[in-house]
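For reference, the chains in residue letters:
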Amino acid sequence: MFGAGCIGLLCLTLNACPVRAQSWQLPNLEQQNNTTAIAVVGVSASQQPAEQQSPGRISGNVVDRTGVAIARAKVTLTRDGQPSKQETLCDNDGQYSFADVPPGLFHLTITAEGFAAQNFSGTLHPGEIDIVPQIVLVIATAITEIRVEPPQEEIAEAQIKEQEKQRALGFIPNFYVSYIPNAAPLNPKQKFELAWKSLVDPVNFGLTGAVAGIQQGRDDFHGYGQGVEGYAKRYGAAYMDGVTGTLIGSAILPSLLKQDPRYFYKGTGTVRSRFMYAVANSVICKGDNGHWQPNYSAIAGGIAAGGISNLYYPATDRNGVELTFENALLGIGASAAANILQEFVIKKVTPNLPNHDPGKTLNNISRLVLGPFVREGE
């Protein structure tokens, strides 16, 4: 009994022991397997970014349209989101190459002297050797800008033609006013032509006749007498005053001293500034160089004209030296008054003023000179 009981107890003990041993060993195996799995996964995770960042290589060649390699062409490599760039020059075979290029989007710009620039974009994969398709450069289109500006003499001639259309009240010549502030300077020939056209204008003859008639009615210059002869002398004297004053003060001296005889209309600013501008222009003028300067031409011209008038006025009415200078001062005052009228009145009573846009004037001159050579629309 005891033996059987011991055997039975031993069997129970033996049967129980393996069960407990198995239950202890299984967790150890699972833990070991899990540790191994974690270790494998950890190695893969640490290796994957390194593979993704593996640099690559970009290469290619550059030729012209005939297939000839372009040596020394410059190739510039840029990458999205990266401010830095790489540059290289093609070898004698037109080959270029960039090593250790990080993967991602890239852009190539290829330039060479005498050729139009070309661009290429692509994507470089990790560890890839990217051979870019052959880049063909074409000869750059030559763009030549030709600005045709007529000579200043021709511009001034066109502007004079415009001025000759200016007539106050529709009939009184108003040739010596420029509404273009930067008008081209006149050459000596043009100054004489403008003076001549002013003197021979039919309206000028009519106004001179009216002045002579008033003088005869008041019996001015008594030594001329009355009747047709007296009127003719007064007419001739009045006309000669205009001739000497205009020729000397607006043509001869301005040509010698390189001064512009015209009044340049201001038209902008306050009333006071325009008034002062008009008064000042009785003693200053614009030089042919565009700079303002004392108006020696008009002042000396008035004095000279007064002195010459002593040759044809009656002896009793001839001006002495003192009176000549007094008349010159009066002439300056009259010029100031005339300028004030020009600035504030004359333009308003001058109908159908011609176009005074200098840009359009220049364009019209260009078409006149180049008309046979320029097709419409060019």
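Here is a short report on the structure shown in this document. (Residues numbered from 1 in each chain as written. Predicted model: local features only at pLDDT ≥ 70, side-chain atom pairs only at ≥ 80, totals over all residues. Heavy atoms only, no water.)

## Brief notes about the side chain of Arg-274
So, point 1. On the secondary structure map, Arg-274 appears in helix H6 (residues 271-280).
So, point 2. Engagement of the side chain of Arg-274 in a polar contact is seen with the backbone oxygen of Glu-343, the distance being 2.5 Å.
So, point 3. Not counting chain neighbours up to four residues away, the residues in contact with Arg-274 comprise Tyr-265, Lys-266, Gly-267, Thr-268, Gly-269, Glu-343 and Phe-344. (Helix = DSSP H or I, 4+ residues; strand = E, 2+ residues; numbered from the N terminus. Polar contact = N/O pair within 3.5 Å; in protein donor to acceptor, adjacent residues only side chain to side chain. Contact = heavy atoms within 4.5 Å.)

## Observations concerning the pairing of strand E3 (residues 85-89)
So, point 1. With five bridges joining them, strand E2 (residues 74-79) and E3 adopt antiparallel strand pairing. Along E3, the bridge assignment pairs Leu-77 with Gln-86.
So, point 2. Linking E2 to E3, which pair antiparallel, is a turn of five residues; within it Gly-81 sits at a positive phi near 75°. (Pairing = 2+ DSSP bridges.)

## Quick look at the pattern of salt bridges
So, point 1. Per the stated rule, a full pass over the model turns up 10 salt bridges.
So, point 2. One salt bridge in this structure joins Glu-164 and Lys-197, with 2.9 Å as the shortest N-O distance. Of the two residues, Glu-164 is situated in the loop between helix H2 (152-163) and strand E9 (167-168) and Lys-197 in helix H3 (residues 188-199); the sequence distance between them amounts to 33 residues.
So, point 3. Between Lys-191 and Asp-288 there is a salt bridge whose closest N-O contact spans 3.0 Å. Residue Lys-191 is found in helix H3, and its partner Asp-288 is found in the loop between strand E13 (284-286) and strand E14 (292-294); the two are separated by 97 residues along the sequence.
So, point 4. The class for Asp-288 is partly exposed, based on a relative accessible area of 23%. (Salt bridge = Lys/Arg side-chain N within 4 Å of Asp/Glu carboxyl O. Buried < 20%, exposed > 50% of the residue type's maximum accessible area, 1.4 Å probe, protein only.)

## Overview of the sheet that holds strand E5 (residues 104-111)
So, point 1. One open sheet accounts for four strands, arranged E3-E2-E5-E6; its pairing is antiparallel. Of all the strands in the sheet, the pair left with one neighbour each is E3 and strand E6 (118-124). Ignoring which end each strand starts from, the neighbouring axes of this sheet average 20° apart.
So, point 2. The sheet contact formed by E5 and E6 spans seven bridges and is antiparallel. Within the sheet, the bridge partner assigned to His-107 lies in E6 and is Ser-121. (Axes fitted to C-alpha atoms, helices over the stretch in contact; angles between N-to-C directions.)

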